[in-house]
Every structure is written in C-alpha cells, then in structure tokens.
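Geometric and topological summary
So the chains spell out like this:
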Amino acid sequence: MALKPVTIAFDVMGSDHGPVEVVRGAAQLSLESPHIHTLLVGDRAVIDDALAQIRHNGERISVQHAASFIAMDEKPGEALARKPDASVSVAARLVAEGEADALVSAGNTGACVLACARHFQLLPGVRRAALAAVYPTRIRRGDKEDPFSLILDVGATVEATADDLVTFAVMGAAYARIISRNEQPKVALLSNGTEPTKGPRHVVEAHARLGGLPGMRFIGNVEGVDIPKGTADVVVTDGYVGNVCLKMLEGVHETVVELAQYAHKESLRWRAGLAMLSGGIQRIKDITDWEQYGGAPVLGFDRIFIKAHGRSQARAIANAGKVAAKAAANELGKSIQQGLAR
Amino acid sequence: MSLPDRIDPRPPRRIYRWDLDKTYLQTEFDSFRDLLRTAFQKAHEKQAVPGASALIRELASNGDTRLCIVSGSPRQLRSVLEEKLKLDGVVWDEFVLKDNVGNLMRGRFRALRGQVGYKLPAILESRAQAPLEAEEVLFGDDAEADAFIYSLYADMIAGRVDERVLGQILEQAAVYPDEAERVLTAWKKIPVSDPVRRIFIHLDRLTPPAHFSDYGPRVVPIFNYFQAALVLLADGHLTAPQVIKIAVEMVQTAGHNIITLSNSFQDLLRRGLPLQHAAAALVQALEGPNALLQALRPMPDILSAFTKRLAALGTPPPPPSVRAVDYLGLLHHALPRTHKGRKAAPPT
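Residues numbered from 1 in each chain as written. Chains lettered and ligands numbered in written order. Predicted model: local features only at pLDDT ≥ 70, side-chain atom pairs only at ≥ 80, totals over all residues. Heavy atoms only, no water.

What to know about the interface of chain A and chain B
By a widespread convention, an interface's size corresponds to the accessible area lost as its parts come together. The interface is formed by 22 residues belonging to chain A together with 27 residues belonging to chain B. It is Arg44(A), Arg55(A) and Glu59(A) that lose the most area in chain A upon contact with chain B, and together they represent 34% of the buried surface on that side. On inspection of chain A and its partner chain B, the count reaches two salt bridges. For the pair chain A and chain B, the interface holds 10 residue pairs in polar contact (both at pLDDT 80 or more). Sorting the residues of the side of chain A that touches chain B by element identifies α1 (19-32), α2 (44-52) and β3 (61-65) of chain A as the ones contributing at least two each. Residues of the side of chain A that touches chain B, tallied by class, amount to six nonpolar, nine polar and seven charged. (Contact = heavy atoms within 4.5 Å. Buried area = accessible area lost by both parts, 1.4 Å probe. Salt bridge = Lys/Arg side-chain N within 4 Å of Asp/Glu carboxyl O. Polar contact = N/O pair within 3.5 Å; in protein donor to acceptor, adjacent residues only side chain to side chain. Helix = DSSP H or I, 4+ residues; strand = E, 2+ residues; numbered from the N terminus. Nonpolar A, V, L, I, M, F, W, Y, C, P; charged D, E, K, R; others polar.)

Okay, here's the thing in structure tokens:
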C-alpha cells in the first residue's frame, strides 16, 4: 500500500547536540522513508556542510535558511520577540503556510510551543493545547506492541479546567489510535485515589463527563504508581501535576541507573548480580528506549508538532519524523475534531 | 556549378561518454545472486535509470554529437545490451565491453575487477581518433572508480598530469604492463587540449557528495538525470524545452514529482552550481505554451515550487573551488572494493 507523501519541517538548530545530529536524522529519513520529504530549517551553510558529508537522498530534502535560533537557556517569549527569524519560528510559519505537514524540533520547548501558538490555530473546541509525554510501561498496546503510554498535559497548560481535561482525553485517545494503532485506548485521569470523588473539583467533574462520553474507553482514575504499570494508555492531568510527575519519573529512572552504577562499584556480589541481569536490563532498555519513540506531540493545534527531546541524536530525530509523518498522513487534527464533536 | 555534397558526416563537436551499469542501467551486482540475475536478464527486463535515455536522446538531437559507451559488462552481453539500447531509442557510435572471459582464461584475475587498466586505455584510444576541438561530457556512477578514471583522463590529455605521476598511478593501481603500455601509447597520440567539460557521477549508492569534492567542480555528483540536464542547460548543451521534456518523462515513467524535481534543483544550488541563468531560461520556457507539462501540474504550482526553493537559500553559496587533483592521494577510490566495501558507502 502506497503511503501518503508528507513533508516534515525540522527545526535544525538549538538542540543539545547541535545541528549535525538533526541533519543526520533527517538524512536517515530520506533514505528509509520514500514517502517523507524533509524540509531542514536553519543556517543554510551549516546544514549544507553537514549534509554533504552524510549519506542521503537529495531528492527528498530541501533547505530553508533561517538566520538565528533560540538557545536552550533563553527565555522563550523574549527570545522569539527579539529573533523573528529564529529557525523554530520560520519552521512553524512554513507549516502554517502549508509548505510542510508537520514540525519536529528538539530545541527550546517553551519557544517551540510559543512559536506554534503564534503560527498555528487551535482546533475548534480546543481551548488549550496540551504538551504530551510518552513513558515506557510494562504493557504493550496496539498493533505496534507499543510499550509507551501517553501523559498529557505535562506543562503547556498549568491550570486546566474540567473542559480542558476532557479535551486532553479526546486528543490523547486520537493520538494513541493513530500512532500506536490502539483502536480502544484506555484513558484515565490522574488523581490521588481511584474513587470518582477523589481529587480536586475539576478532576471530579471531568471524571463524570468522561464516563458518559461516547466512543471513549474511560477507565476512571489512576494514581501515580499506575503510570509505569501501564494501567492506562492515556493519562490525563493538568500541566502542573503532569510536569511534576514527569520530572519525578525521569528522576527515578536516573536514580536507578546511579544506584546500579554504585552497586557495580561497591560489591563484587552486586556486580556479579548485575552482570547476570545485564541481558534482561538491555532488553528492557531496548523495549523502553525513548529514542525509538522519537518525540511527543503538542496536541490541540490545527498542525502537527512533535517535540523531540533536547538530547535527541539522529535515531530519535528520524523516529520523531516518522511519528510526525504518521500523525499528518492520518489526519490527526481531523480525528481530534471528530472526537470532540461527539 | 555548385560543389558536391559532402560524403562524410561532419566531425562531432561534442562527445558524450557513458558507462552502463548503475549509470545508464539500474543494475544490482553487489552479491553473486544479483550478478547471476543481471547476467540472465532479457533486454526488456533491464531498467534504465530514470531520465537517462531521455537525456541521451535530447543530447543526440542537437546534432554533431557522438555517443561512446565504455562498460565493464562482459562482451557476452553485447546482444542483450544493444537490444536494450535500441528499445530505448538510443543510437551509439562506439560500444566497448570488457573481455572478462579472456581475462579469466589468461589468468588475469586483477583485470576482472580492475577498472583503471580497462577504461583508461579504452577512452584514451577513442579520444585519439576524435577531433581536437570536440568537447566531452562523461557519465559514470559511484559504484566503482569512474570519478577517478574520468578525472585522470581529463587531466592527462590537458597536460596536467606528467608521465612520472601517471606511472606511479598505474603501478599502484596494479595495472598490467600491457595495459599500461596501451595507456601510454594512446596518450602520446593525443594532442594536448582541455576538452572535458563535465563529469557526472550518478549516485546509485547515494555516496555523500563531499566524497567527490577533491576532484574539483568539473565532477558533479547527481541524484538523478534532471540534475544533469539542468547543469547541461547551464553549460549550453541543452535548451530549456529539452530539459522540460526530460523532466516530463521522469514524472510520467519513474514516479518523480514536483517536489523531487524542485528539491533536486535546490540541491545543485546549495552546492554552488551557477544555475541562475538556467533557471531563468527554464522559467521562460515554462511560461510558454506547454500542454504536456500543464497536464501534470498547474504551471503556477511548478514555478512556485522552484522559485520558493531558490528564495529559501538566502545568500547564494559560493561556487565550488577549482583545485589540483592529488591522484596518488585518491588512489583508494580507484581500487576494487573489498567484499565488505561492496555495500553502500557508509556515512562519514
């Protein structure tokens, strides 16, 4: 079956590893995915120098020069105002104008979201956009056997209303259907208890509404411990709680790694134990490696934006491009609108 | 009384030299199975690289040209290859194939895969029979040593390579003594001139373009023959309507579209090739009546795709610099690939 051709705009600048890794990722896409055209936005000379050294298909790559970029340590609003020709702004504008079908960036998250907010429109029925994150779990889902669950919002909308939470649920479910090919994603609200009456008022209200929403497989509330178990495929919360939760989960992961390193140094017995477990640990890493997922979406806009991790290298960038292409080709925006219209 | 008509054809003003496998034909021989399949293909089963036959036909239609084919394919495939060329409407003037069986029978195993000792004397001997003023454009691919051999050939006849260096090259390339003698003999028959205008390298393996930068701007790696057509338009070998015909054929027969073609155009611009005047000529031709092209895509869309890619680059990049080629330093490009190296060129 021929795949629908799509063009993905990559903000080449501003990521932790610099433009070369983004260019490498896009080049990899040009070789692996004939239906994906890549539009590289950034310093033309830098892009050209990198591209000339990398194996790629020149028929599937174009370049848009952008004179400046937003660094990770800059304040998004101020930086975007000061640099109207920043690569992320140029890329977002091109997507808005229809020159590309989706945007991928590993740059400053705040600047990315703000650039999208300035150039894209919110879908009808969507009051606030939601920044999603994916997290590895022990459950596989959909045709792709996807181990990742989706958490939204993790920072774009700090204070969400019940309406917002319902919207997030619809958007997250639509995304899960397309990306994970999970026809009936399990959607849950994050709360401090599983009872419907637990949580702040907006969560309780959202619970009542989601329970009656047609086409929604709402399983009720989940608690923090349920996230890594994969109890829900889509976990809905406001941006404040979501961000705290996400940072904690990331911190746990890092701490486990540090503890393993400590154990490896401290005791021969522990070292031997870790060695025996190494195959399983590597397998878990292979399954849950965030780089294979590539990035997470900002949902609610009429255009697709996939936020890649700032530390993304070529493989993650390429995978983010594939996710973006899949979302665009399958008309994620339309799917969300259909869900909201019910 | 008027003078009698000339009996002999006019000498060629331009000579186009083509390789076949991976340059003109889509050939896979990176494994033994591929080699067998290729060897037993019938003419109608062979696939030309998109745009290649159209390009050859357009170049030939300008008259006073000569098509010379030097291919590493074995002589035993001559009838099939000739039939394929005829099916594609290609008319050739020279067609040299490699005596692989002869090499095998004589135990010349290095010659089976070596290219320098085969192609270099063949094209030198052909040049020795050509008019001094005839320009040349050469077409090869990135699978073997075409960039090296063609560049060496060009610099030899231009007097930029001396006999001492040539001897070192031939020795280090493990060329057999009789082949080396053929090279020297043919070379001495050629008057010094600088006829080679372009060397196009079709990137069958998608080798990074920077791999060829050491050969200078004369060598142009191309992802497709639309790119070659654009450069030839800029160089005065083709007209804009001819380029459009080549593009149309690529769209109709090979799945190319306005995006791949306009990306290809921008790719050349980003490498500093001076195509601005060619682009202007193309725009002028596109703005004229073009029913065939119009049927593919509305004209404003086509013009927009190209002009946007031109505008997207900001300051035009500088043209690639001319440099002396260090053939001894690039000799590894001329040696047969190892089995591991048969795979696509790794990213650098």
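Looking at α2(A)
Looking only at α2(A), the buried set comprises Arg44(A), Ile47(A), Asp48(A), Ala50(A) and Leu51(A). Mapping the buried residues of α2(A) onto a view down its axis gives an arc of 165 degrees, with all of them on the same face. Where α2(A) is buried, its residues contact α1, β2 (36-42) and β3 of chain A together with α12 (258-270) of chain B. The N-capping residue of α2(A), defined by a side-chain oxygen 3.0 Å from the backbone nitrogen of Ala45(A), is Asp43(A). (Buried < 20%, exposed > 50% of the residue type's maximum accessible area, 1.4 Å probe, protein only. Arc of directions from axis to C-beta.)

Regarding the pairing of strand β11 (residues 304-308) of chain A
Residue and element names in this part refer to chain A. Counting buried positions over the five residues of β11 gives five, a clear majority of the element. Note that strand β4 (residues 102-105) and β11 share four bridges and pair parallel. In the strand pairing of β11, Leu 103 is matched with Phe 305. Pairing analysis gives four bridges linking strand β10 (residues 295-299) to β11, with the strands arranged antiparallel. For Pro 297, the partnering residue across the bridge sits in β11 and is Ile 306. Between β10 and β11, which pair antiparallel one after the other, the connecting turn spans four residues, and Gly 300 there sits at a positive phi close to 120 degrees. (Pairing = 2+ DSSP bridges.)

Considerations on unusual backbone geometry
Residue Asp153(A) follows Leu152(A) across a cis peptide bond; omega there is 5 degrees. Relative to the elements of secondary structure, Asp153(A) occurs in the loop between β6 (146-152) and α6 (162-179). At Arg181(A), a position not held by glycine, the phi torsion is positive, near 55 degrees. Structurally, Arg181(A) is set in the loop between α6 and β7 (186-190). Accessibility expressed as a relative area gives 39% for Arg181(A), which makes it partly exposed. At Ala174(B), a position not held by glycine, the phi torsion is positive, near 60 degrees. Among the structural elements, Ala174(B) can be located in the loop between α8 (163-172) and α9 (177-189). Given a relative accessible area of 32%, Ala174(B) falls into the partly exposed group.

What about the packing of aromatic side chains?
Residue and element names in this part refer to chain B. If you walk through the whole model with that rule in mind, you get 10 aromatic pairs over all chains. The interplanar angle of 25 degrees and the centroid separation of 5.3 Å between the aromatic rings of Phe 139 and Phe 200 together place this pair among those described as stacked. Taken together, the positions of Phe 139 in strand β4 (residues 135-141) and Phe 200 in strand β5 (residues 196-202) put the pair 61 residues apart, joining distant regions of the chain. Taking relative accessible area as the criterion, Phe 139 reaches 0% and is therefore assigned buried. Judged by relative accessible area, Phe 200 falls into the buried class, the value being 0%. The rings of Trp 18, Tyr 24, Phe 139, Phe 200 and Tyr 225 are connected pair by pair, giving a single aromatic cluster. In this structure, Arg 78 packs its charged tip against the face of Phe 95, placed 5.1 Å from the ring centre. (Phe/Tyr/Trp six-rings, centres within 6.5 Å; stacked < 30°, edge-to-face > 60°. Lys NZ or Arg CZ within 6 Å of the ring centre and 35° of its normal.)

Structural notes on the packing of helix α6 (residues 116-128) of chain B against helix α7 (residues 146-157) of chain B
All names here are of chain B. α7 packs onto α6 with a crossing angle of 40 degrees between their chain directions and a minimal axis gap of 10 Å. The angle between α6 and α7 places the two elements in the oblique class. Here the hand of the crossing between α6 and α7 comes out right-handed. Residue-level contacts link Val 116, Lys 119, Leu 120, Ile 123, Leu 124 and Arg 127 of α6 to Asp 146, Phe 148, Ile 149, Tyr 150, Leu 152, Tyr 153, Met 156 and Ile 157 of α7. (Axes fitted to C-alpha atoms, helices over the stretch in contact; angles between N-to-C directions. Parallel < 35°, antiparallel > 145°, perpendicular 65-115°, else oblique. Left-handed = near helix turned anticlockwise from the far one by under 90°.)

Re the pattern of salt bridges
Side chains that differ in sign of charge can pair as their charged atoms come close. Under the counting rule described, the total for this entry stands at 33 salt bridges over all chains. A salt bridge links Arg127(B) to Glu136(B); the shortest N-O distance between them is 2.9 Å. Residues joined in a network through salt bridges with shared partners are Arg44(A), Asp48(A), Asp267(B), Arg270(B) and Arg271(B).

Remarks on the sheet that holds strand β1 (residues 14-18) of chain B
Note: strands within a sheet are paired through backbone hydrogen bonds, in either parallel or antiparallel orientation. All names here are of chain B. The strand order across the open sheet built from six strands is β3-β2-β1-β4-β5-β6, with neighbouring strands paired in parallel fashion. Edge positions in the sheet fall to β3 (94-98) and β6 (219-222), since each has one partner strand and no second. Between one strand axis and the next, the sheet turns by 15 degrees as a mean value, whatever way the strands run. Bridge count for β5 against β6 is four bridges, and the pairing is parallel. From the neighbouring strand, Phe 200 faces β6, where its bridge partner is Val 220. The strands touched by helix α2 (residues 52-61) are β1, β2 (65-74) and β4; relative to β1, the strand with the most contacts, the crossing angle is about 165 degrees. Contacting β2 and β3, helix α3 (residues 78-87) crosses the sheet at an angle of about 145 degrees to β3.

Comments concerning the domain arrangement of chain A
Residues and elements named next belong to chain A. Taken domain by domain, chain A consists of domain 1 (1-126 + 300-342) and domain 2 (133-258). Taking the mean C-alpha position of each, domain 1 and domain 2 sit 25 Å from one another. Taken residue by residue, the interface counts 15 residues in domain 1 and 11 residues in domain 2. Buried area between domain 1 and domain 2, summed over both chains or domains, comes out near 1,200 Å², and the portion from carbon and sulfur atoms is 72%. Its largest share of buried area at the contact with domain 2, domain 1 owes to Lys 326, Leu 332 and Arg 342, together 41% of the area lost on that side. Our count for the domain 1 to domain 2 interface comes out at zero salt bridges. (Domains from an automatic or database assignment.)

Regarding the packing of α2(B) against helix α11 (residues 240-254) of chain B
Residues and elements named next belong to chain B. Relative orientation of the contacting elements α2 and α11 amounts to 160 degrees, with a least axis distance of 9 Å. Viewed along their axes, α2 and α11 adopt a mutual orientation that is roughly antiparallel. For the pair α2 and α11, the sense of crossing is right-handed. Residues Ser 53, Ala 54, Leu 55, Arg 57, Glu 58 and Ser 61 of α2 pack against Gln 242, Lys 245, Ile 246 and Glu 249 of α11. The residue inventory of the contact of α2 with α11, partitioned by class, reads three nonpolar, three polar and four charged.

Some points on a nonpolar patch on the surface
Residue and element names in this part refer to chain A. A grouping of Val 158, Tyr 240, Val 241 and Val 244 is seen on the molecular surface, where their side chains present a nonpolar patch of about 370 Å² in accessible area. With respect to the helices and strands, Val 158 occurs in the loop between β6 and α6. In this structure Val 158 comes out as partly exposed when scored by relative accessible area, which is 45%. (Patch = residues over 30% accessible without salt bridge, like charges linked within 9 Å, V, L, I, M, F, W, Y side chains within 5 Å. Areas by Shrake-Rupley, 256 points an atom, 1.4 Å probe, with all protein chains shown as cover.)

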